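Below, each chain spelled out in residue letters.
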Amino acid sequence: MDHFNYQNGHLCAEDVRLSRIAAEVGTPVYVYSTATLTRHFGLFQQALEWTPHLVCYAVKANSNLAILKLMGDLGAGMDVVSGGEYARAKAAGVPGERIVFSGVGKTIAEMRMALEGGIRQFNVESEAELQALSQLADSMGAVAPIAIRVNPDVDAKTHEKIATGKSENKFGIPIAKAREVYAEAARLPGLQVVGVDMHIGSQLTDLDPYRQAYAKMADLVRALRGDGHTITRLDMGGGLGIPYRRDNNAPPLPIEYGQVIRDAVGDLGCEIEIEPGRNIVGNAGILLASVIYLKEGEGRDFLILDAAMNDLLRPAMYGAHHDIVPVNEPTLGAEVSAMDVVGPVCETGDTFQKGTQLPAMMAGDLVAFRSAGAYGAAMASEYNTRPLVPEVLVSGDQFAVIRARPSIEEILARDTIPEWL
Ligand SMILES: *Cc1c(COP(=O)(O)O)cnc(C)c1O
């Protein structure tokens, strides 16, 4: 459920007409709903009501400071994957003891930053990282709380580019090696083992891979406890999928996911951490764009928008689908025709959809890409020197620009021509 609905023929974000935002901020622009974000976060809180837990919002899905502040104020922790994301979480007011640090390539500088600023735990992904973190923490006279990310070798049944839990993926330590690596961690100075971590992929639409992975996690926790380790926290990762098509079978709900966790590890007496990103923010955002031209091609028509692959990469990158809807509600029975919806970037890959059934459109008409809140603005670039797409947050009948569109001058000012040229 989201809060982007037609009211009196106008598509709105909560109680704000999208046409009003387009007029005041321009297009393309991302628009997010506070009510949807709040609701989705609440669903995960509810799903884990049965246990001490921390919902660590995965910052990479949408890292705007206003979104992080909203999440943090609701009580969320944060899952960060870089020093930059760590700094964002801190700048949004989230205390270090609610931040977990994931990722296969943490640098010394990034680890230092987190140790100095405070950190709940590092999710360590390799023996080399374990050694580096131990040395660093020891040299700082600090103790780094760690969980080790274990790769359970299960098929998450999602797009290959976002599957992370198979043995051929770069993530985590093979589960068969986990006890050995935990023993090493226990011997190293500067580290405190607190838990076990897994994250098997993104946009999972089936609970079975979770069941398989979490069963392996439960077995591992028992074995580790037998080996003498104190395991008090389990980080179950993120990845629960969202419906990208309105007509589709909906993926499982957070409450069902919470039950899977309870069935698998509920008897271990651990604090549970989860790291949802997409599921919280995906359907809480749309990308608003304008029609620039309608172009008649040979055997097909092109709807050319002012949004492009640099603003919303998912279709070009993953072949992803986003429902595209007119902002002016089509009248009942309005005639529709098939169009290829494309952006202005000079690549054929800059195609959002082919053969989309849309009512008659004119230059200046507005369309909205649904379910664009996650991995939308966060993955945007300035390819083709198109200014980084701005973002707007709506709450009730008010809205605010939470990231302004840079001017062309600002973009050019970032480059330097050396004196000797
Ligand atoms: C990307 C990522 C997540 C979030 O995934 P979603 O599919 O957005 O829920 C959580 N944990 C880790 C370690 C990640 O890399």
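Quantities reported herein were computed from a predicted structural model and do not represent experimental measurements.

What counts, and where the lines are drawn
Residues numbered from 1 in each chain as written. Predicted model: local features only at pLDDT ≥ 70, side-chain atom pairs only at ≥ 80, totals over all residues. Heavy atoms only, no water. Helix = DSSP H or I, 4+ residues; strand = E, 2+ residues; numbered from the N terminus. Rg over C-alpha atoms; globule rule 2.2 N^0.38 Å. Buried < 20%, exposed > 50% of the residue type's maximum accessible area, 1.4 Å probe, protein only. Contact = heavy atoms within 4.5 Å. Areas by Shrake-Rupley, 256 points an atom, 1.4 Å probe, with all protein chains shown as cover. Lys, Arg positive; Asp, Glu negative; His and termini not counted. Charge placed at Lys NZ, Arg CZ, Asp CG, Glu CD. UniProt positions renumbered as here; feature names shortened; annotations may be inferred. 1 Å grid on protein atoms, 1.4 Å probe; cavity = no way out; pocket = protein on both sides within 12 Å on 5 of 7 lines; lining within 4 Å. Points joined across faces, edges and corners; volume = space filled by probe spheres on them. Nonpolar A, V, L, I, M, F, W, Y, C, P; charged D, E, K, R; others polar. Domains from an automatic or database assignment. Pairing = 2+ DSSP bridges. Axes fitted to C-alpha atoms, helices over the stretch in contact; angles between N-to-C directions. Parallel < 35°, antiparallel > 145°, perpendicular 65-115°, else oblique. Left-handed = near helix turned anticlockwise from the far one by under 90°. Near = heavy atom within 4 Å. Polar contact = N/O pair within 3.5 Å; in protein donor to acceptor, adjacent residues only side chain to side chain. Core = buried A, V, L, I, M, F, W, Y, C linked by side-chain atoms within 4.5 Å. Phe/Tyr/Trp six-rings, centres within 6.5 Å; stacked < 30°, edge-to-face > 60°.

Let's talk about the overall build of the protein
- Secondary structure summary: the protein contains 12 helices and 21 strands in total.
- For 421 residues, the compact-globule estimate of 2.2 N^0.38 gives 22 Å, and the C-alpha radius of gyration of the protein, at 23 Å, lies within 12% of that figure.
- Each principal axis of the C-alpha atoms in the protein carries an extent, and together these give about 70 × 60 × 40 Å.
- Here the protein holds 421 residues, and 54% of them are scored as buried.
- Pairs at least 24 apart in sequence give 70% of the contacts found in the protein among residues at least 6 apart.
- When the accessible surface of the protein is split by element, carbon and sulfur atoms take 50% of a total near 18000 Å².
- Taking the average place of the 37 positive charges on the side chains of the protein and the average place of its 53 negative ones, the gap between the two points comes to 3 Å.

Here's the deal with the UniProt feature "active site" (unreviewed entry) in the protein
- Mapped onto this structure's residue numbering, the UniProt feature "active site" (unreviewed entry) falls at Cys346.
- Checked against the element boundaries, Cys346 lands in the loop between strand E17 (336-342) and strand E18 (351-359).
- What makes Cys346 exposed here is its relative accessible area of 69%.

Considering the UniProt feature "binding site: pyridoxal 5'-phosphate" (unreviewed entry) in the protein
- UniProt feature "binding site: pyridoxal 5'-phosphate" (unreviewed entry): in the numbering of this structure it lies at Gly239, Glu275, Pro276, Gly277, Arg278 and Tyr375. Lining the largest pocket, from the residues named above, are Gly239, Glu275, Pro276, Gly277, Arg278 and Tyr375.
- Along the polypeptide, Gly277 turns up in the loop between strand E13 (271-274) and helix H10 (278-281).
- The residues touching Gly277, leaving out its near neighbours within four places in the chain, are Tyr57, Ala58 and Ala61.
- Note on Tyr375: relative accessible area 10%, which makes it buried.

Some words on the layout of surface pockets
- Roughly 570 Å³ of volume is contained in the largest pocket.
- Around the largest pocket, the lining is made up of 29 residues, and of these Lys60, Thr164, Phe171, His199 and Tyr375 lie nearest the centre.
- Listing elements by their share of the lining of the largest pocket, those giving two or more residues are H10 and helix H11 (314-318).
- Among the residues making up the lining of the largest pocket, the classes are represented as 11 nonpolar, nine polar and nine charged.
- Counting contributing residues per domain, the lining of the largest pocket is built from domain 1 (4-31 + 282-413) and domain 2 (34-280), each supplying no fewer than three.

Quick notes on the sheet that holds strand E1 (residues 4-7)
- Taking strand neighbours across the sheet as the criterion, the three strands line up as E1-E2-E3 in an open arrangement whose pairing is antiparallel. Looking along the sheet, the strands with just one partner apiece sit at the ends: E1 and strand E3 (16-17).
- Sheet topology places strand E2 (residues 10-13) next to E3; two bridges connect them, and they run antiparallel. In the sheet register, Ala13 faces E3, and the bridge partner there is Val16.

So, the packing of helix H4 (residues 83-91) against helix H5 (residues 108-117)
- As a packed pair, H4 and H5 sit with axes 9 Å apart at the nearest point and diverge in direction by 20°. Classified by the interaxial angle, the pair formed by H4 and H5 is roughly parallel. With respect to the hand of their crossing, H4 and H5 are arranged in left-handed fashion. Residues Gly83, Tyr86, Ala87 and Lys90 of H4 form the contact with H5, whose participating residues are Glu110, Met113, Ala114 and Gly117.
- Classifying every residue of the contact of H4 with H5 by side-chain character gives four nonpolar, two polar and two charged.

Quick look at the site of the ligand
- Close to the ligand lie 15 residues, the nearest being Lys60, Ser202, Glu275, Arg278 and Tyr375.
- Here Asp79 contributes a side-chain N or O atom positioned 3.2 Å from a nitrogen atom of the ligand.
- Between the ligand and the protein, one listed contact pairs a nitrogen atom with a side-chain N or O atom of Glu275 at 2.5 Å.
- Here the ligand, which alone exposes 390 Å², has 94% of that area covered by the protein.

Considering the nonpolar core
- Met78, Phe122 and Leu234 are the most contacted members of the largest nonpolar core, which totals 98 residues.
- The dominant element in this core, judged by the number of residues it contributes, is helix H8 (residues 208-226), at eight residues.
- Mapping this core onto the domain boundaries places at least three of its residues in each of domain 1 (4-31 + 282-413) and domain 2 (34-280).
- If we ignore the near neighbours within four places in the chain, the residues touching Leu234 are Val196, Met217, Val221, Val265, Leu268, Cys270, Glu271, Ile272 and Glu273.
- Residues Leu11, Val29, Ile286 and Val327 belong to the second largest nonpolar core, which totals 19 residues.

So, the packing of aromatic side chains
- Summed over all chains, the structure comprises six aromatic pairs.
- A centroid spacing of 6.0 Å and a plane angle of 20° characterise the contact between Phe101 and Phe122, whose relative ring orientation is stacked. Note that Phe101 is positioned in strand E7 (residues 99-101) and Phe122 in strand E8 (residues 121-124), a separation of 21 residues in sequence.
- Seen from their ring centres, Tyr210 and Tyr257 are 4.7 Å apart, and the 55° between their planes marks the pair as tilted. Of this pair, Tyr210 sits in helix H8 while Tyr257 sits in helix H9 (residues 254-265), and the two are 47 residues apart along the sequence. No difference in accessibility class separates Tyr210 from Tyr257, as the two residues are buried.

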